[in-house]
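The chain contents come next:
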Amino acid sequence: MKKRTNGIKNLSQQLGNKDDHPYPDFDAMWTRIEAARNEKDEPITSAAPIQTKSLFRGRRLAVLSVAAFVLVATPALAYIAGKWDFIYPSGVKSALYQGFGQPINKSVTNNGITLSMDTAVSDDNGTVLLYSLDTGDKEEREWVFDKFEFKDNKGNSIARFDDETAIKRNWNKGYYSHAWEEENRIYKGFFDTSWTFSGNESNVQLYVSGLQAYDYVRKPITLDPHETEVQSFPIDDGGIKDLKVQVVKGEKGEGLLKYSLSYTDDSLFPIVDPQIHVKKGESTVKPIGYKMSSPIELDGQRERGSQESYRLDELQQSGNTYEFVYGIKGDRIEGEWNFDNMILNKEKSLQASVTRNLDIPIVSADGDSIIRKLIIRPTGVKLEIENKKEFRRIPYRDVSLLVNGRVLKGWETYEYAYTPSHGYKQMYTFRISPDMRLTGETPIQLLLENEIESHRDYKEAIKLQNISDEKQETVVDIVGYPVKLTYFTKDGDLYVENESENLSFSGVTQTYMKRGDEKVYGEVLFHQWEDNWLDWENSNKFVNIYRNFKGSETDLYLYEFEIRHRDREKKVKLQ
């Protein structure tokens, strides 16, 4: 995802659109879960993982994209190591075998649906509940609770979700998710919250009511993968009117599958994520990288849609079939599944959890950041970084930890820091393997590589002269880098392309002109996560369009660009 954060940041700053962020595929984290929950008196054995994949990724991705760091920093109980074998992330698996947590083993059955609280784990930095949901399904569906509320021992609500706010979660308080376990045909899930309690023990309550199912519909489509024009397919079901698909050829043998939908009712869109499956016999051809959901351009029109990258030869292979998978509302189950008295105990985990307030400054070309907290837990390490400048993040593309000579990779989430400067607070989570055990004395360094130097609202104007239907070119020096601008008019609109032969220069996504004190921004023809997202690190060409342009010359301004310092790195001692 690191290759596309710049494009996301640019668009959100310029247009204020908070709904256009793409989401990484976190399904791999949660849906590959080991087989059945055994009876607690059976011997503990480690079984091979079941590989399952939810078709409805929309709700789960929205849930996990912002808050996925929480589970990675949650310990779990060793006695269930053979029952909950999370293949990813490794930090959870590590904690399972270290023996943190306690059994709950409480179940409630209502209307034939059984919800079981299997395990609770708490430490000074959070609490997690592992649960099972037995709906009697023979095949996977998507189930959403009407209400899911967690309360403390005084009855105060810690986190509450309902069907109206399922994807508008308060990430600071908690979230839940569950996934289909094929072998035993049940759903296994977790509720995770950063809430904790003073002392070693506390009573908590969980109130759950109502369940709504969403069923899968698989509709074959006669897609021609060799056709480069837009192909349309009527759907007329599930609130979807029709589907439009376009195959775009990329570099290095890649192909981009782009598709958009028109809706008669888009109320399911936040929960059900329709998608195209490429089938080779009974197998599904796997895409390359992440699925991106954002406004895309099809046939010259910008529409809300998605795109996935495939190997072009696999996408176009003879004998492939293609199906469109979406969801419709299924069964609705009324009832309550309430747990009034669950005792949480964090005594075991206190010895394995360390929180350090660091306040270490990081001075870089893009402004100052401060490393606020280092949190060590049985599952890994979490790092909190606060940035002083508005809309800024730590300007390094690669962030990792050095622990006793080993490199730990992780991922980043972020939120507004609510500071006077309105900067971002970033959270980096680094998972550990089962053979590692971190303590307050373990040497840890932060490794920052590939520095990105940002320039915003570049003040020097670029003069475009002799503007006509004939292409004009000019090369200008921008902070020491040659930038070629090509400009021309077509059907009354002015097109301005910019690129550089030096790939250390990122290119300029957005340009603008001035009309008095007003800034007139160009319409971006394509973004970094669209036509050239396949190889963004080796591409820096962008196009802006100014509609109904009049005149033969103008001053052009650069809104934002970056310099990629691939050779720069910094090490910071954390403990």
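**What to know about the overall build of the protein chain**
Next up, step 1: A tally of helices and strands in the protein chain yields 7 helices and 33 strands.
Next up, step 2: Contacts spanning at least 24 positions in sequence make up 68% of the contacts within the protein chain whose residues lie at least 6 apart.
Next up, step 3: For the protein chain, the exposed area adds up to about 24,900 Å²; of that, 44% sits on carbon and sulfur atoms.

**Re the environment of phenylalanine 561**
Next up, step 1: Note that phenylalanine 561 resides in strand 33 (residues 560-573).
Next up, step 2: Residue classification places phenylalanine 561 among the buried residues on the basis of a relative accessible area of 1%.
Next up, step 3: Distance in space between the C-alpha atoms of phenylalanine 561 and isoleucine 452 is 10.0 Å, their sequence separation being 109 residues.
Next up, step 4: With residues up to four places along the chain from it excluded, the contact list for phenylalanine 561 reads Glu453, Ser454, His455, Tyr458, Ile478, Val479, Phe505, Ser506, Gly507 and Val508.

**Observations concerning the environment of lysine 258**
Next up, step 1: Structurally, the position occupied by lysine 258 is in strand 11 (residues 254-263).
Next up, step 2: Once the C-alpha coordinates of lysine 258 and lysine 244 are considered, the two residues, 14 residues apart in sequence, prove to be 8.3 Å apart.

**Some points on the pairing of strand 23 (residues 444-456)**
Next up, step 1: Along strand 23, 10 of the 13 residues are buried, which leaves the element largely enclosed by surrounding structure.
Next up, step 2: With 7 bridges connecting them, strand 20 (residues 396-403) and strand 23 associate as antiparallel partners. Of the residues in strand 23, the one forming a bridge with serine 400 is leucine 447.
Next up, step 3: Where strand 23 and strand 33 come together, 11 bridges link them in antiparallel fashion. Residue pairing in the sheet places histidine 455 in a bridge with phenylalanine 561 of strand 33.

**Side note on the sheet that holds strand 16 (residues 321-345)**
Pairing between the strands of a sheet is mediated by backbone hydrogen bonds and can be parallel or antiparallel.
Next up, step 1: Pairing in this open sheet of 6 strands is antiparallel, and the strands run 5-4-8-16-12-13 from one edge to the other. If you trace the sheet from one side to the other, it starts and ends with strand 5 (157-162) and strand 13 (283-284), each paired once.
Next up, step 2: As paired elements, strand 12 (residues 275-280) and strand 16 share 5 bridges and run antiparallel to each other. Its bridge partner being in strand 16, isoleucine 276 is matched across the sheet by phenylalanine 324.

**Observations concerning the pattern of salt bridges**
Next up, step 1: Scanning the model with the defined rule gives 22 salt bridges in all.
Next up, step 2: Residues arginine 141 and aspartate 215 are paired through a salt bridge, measuring 2.5 Å at the closest nitrogen-oxygen approach. Of the two residues, arginine 141 is situated in the loop between strand 3 (126-134) and strand 4 (142-151) and aspartate 215 in strand 8 (residues 201-221); the sequence distance between them amounts to 74 residues.
Next up, step 3: Residue class for arginine 141 comes out buried when judged on its relative accessible area of 13%.
Next up, step 4: Residue classification places aspartate 215 among the partly exposed residues on the basis of a relative accessible area of 22%.
Next up, step 5: Here lysine 382 ties to glutamate 384 by a salt bridge, and the two come within 3.5 Å at their closest N and O atoms.
Next up, step 6: Salt bridges sharing common partners tie together Asp137, Arg141, Asp215 and Asp331.

**Some details on the packing of aromatic side chains**
Next up, step 1: Scanning the model with the defined rule gives 21 aromatic pairs in all.
Next up, step 2: Between tyrosine 481 and phenylalanine 505, the ring centres sit 6.3 Å apart and the planes meet at 40°, which makes this aromatic pair tilted. One end of the pair, tyrosine 481, is in strand 26 (residues 481-490); the other, phenylalanine 505, is in the loop between strand 27 (493-499) and strand 28 (511-515), with 24 residues separating them in the sequence.
Next up, step 3: An aromatic cluster of at least three residues, connected via ring pairs, comprises Tyr131, Phe145, Phe148, Phe150, Phe161, Tyr176, Phe191, Trp195 and Phe197.
Next up, step 4: Over the aromatic face of tyrosine 557 sits the side chain of lysine 514, whose NZ or CZ is 4.5 Å from the ring centroid.

**Details of the nonpolar core**
Next up, step 1: One finds Leu115, Met117, Leu129, Phe145, Phe150 and Leu206 to be the most contacted residues of the largest nonpolar core, which totals 37 residues.
Next up, step 2: Tallying contributions element by element places strand 8 first for this core, with 6 residues.
Next up, step 3: Formed by 24 residues, the second largest nonpolar core is a distinct cluster that contains Val381, Tyr396, Val399 and Ile432.

**Regarding unusual backbone geometry**
Next up, step 1: One non-glycine residue, aspartate 359, lies in positive phi territory at about 55°.
Next up, step 2: Locating aspartate 359 in the fold gives a position in strand 17 (residues 354-362).
Next up, step 3: Overall, the relative accessible area of 45% leaves aspartate 359 in the partly exposed class.
Next up, step 4: Phi is positive for valine 479, which is not a glycine, with a value near 45°.
Next up, step 5: Topologically, valine 479 is positioned in the loop between strand 25 (472-478) and strand 26.

**Describing the sheet that holds strand 7 (residues 186-193)**
Next up, step 1: With antiparallel pairing, 5 strands are arranged side by side in an open sheet as 1-2-3-7-6. Bordering the open sheet on either side are strand 1 (102-110) and strand 6 (175-181), each of which pairs with just one other strand. Strand-to-strand twist of the sheet, defined as the mean angle between neighbouring strand axes without regard to direction, takes the value 20°.
Next up, step 2: Where strand 6 and strand 7 come together, 7 bridges link them in antiparallel fashion. Bridge assignment links tyrosine 175 to a residue of strand 7, and that residue is aspartate 192.

**Concerning the confidence of the model for the protein chain**
Next up, step 1: Summarising the model, the protein chain shows a mean pLDDT of 76, and 72% of its residues fall at 70 or more.
Next up, step 2: Per-residue pLDDT stays below 50 along residues 527-534; that stretch engages in 42 contacts with residues further than four places along the chain or on separate chains.

What counts, and at which threshold
- Residues numbered from 1 in each chain as written.
- Predicted model: local features only at pLDDT ≥ 70, side-chain atom pairs only at ≥ 80, totals over all residues.
- Heavy atoms only, no water.
- Helix = DSSP H or I, 4+ residues; strand = E, 2+ residues; numbered from the N terminus.
- Contact = heavy atoms within 4.5 Å.
- Areas by Shrake-Rupley, 256 points an atom, 1.4 Å probe, with all protein chains shown as cover.
- Buried < 20%, exposed > 50% of the residue type's maximum accessible area, 1.4 Å probe, protein only.
- Pairing = 2+ DSSP bridges.
- Salt bridge = Lys/Arg side-chain N within 4 Å of Asp/Glu carboxyl O.
- Phe/Tyr/Trp six-rings, centres within 6.5 Å; stacked < 30°, edge-to-face > 60°.
- Lys NZ or Arg CZ within 6 Å of the ring centre and 35° of its normal.
- Core = buried A, V, L, I, M, F, W, Y, C linked by side-chain atoms within 4.5 Å.
- Axes fitted to C-alpha atoms, helices over the stretch in contact; angles between N-to-C directions.
- pLDDT = per-residue confidence, 0-100.

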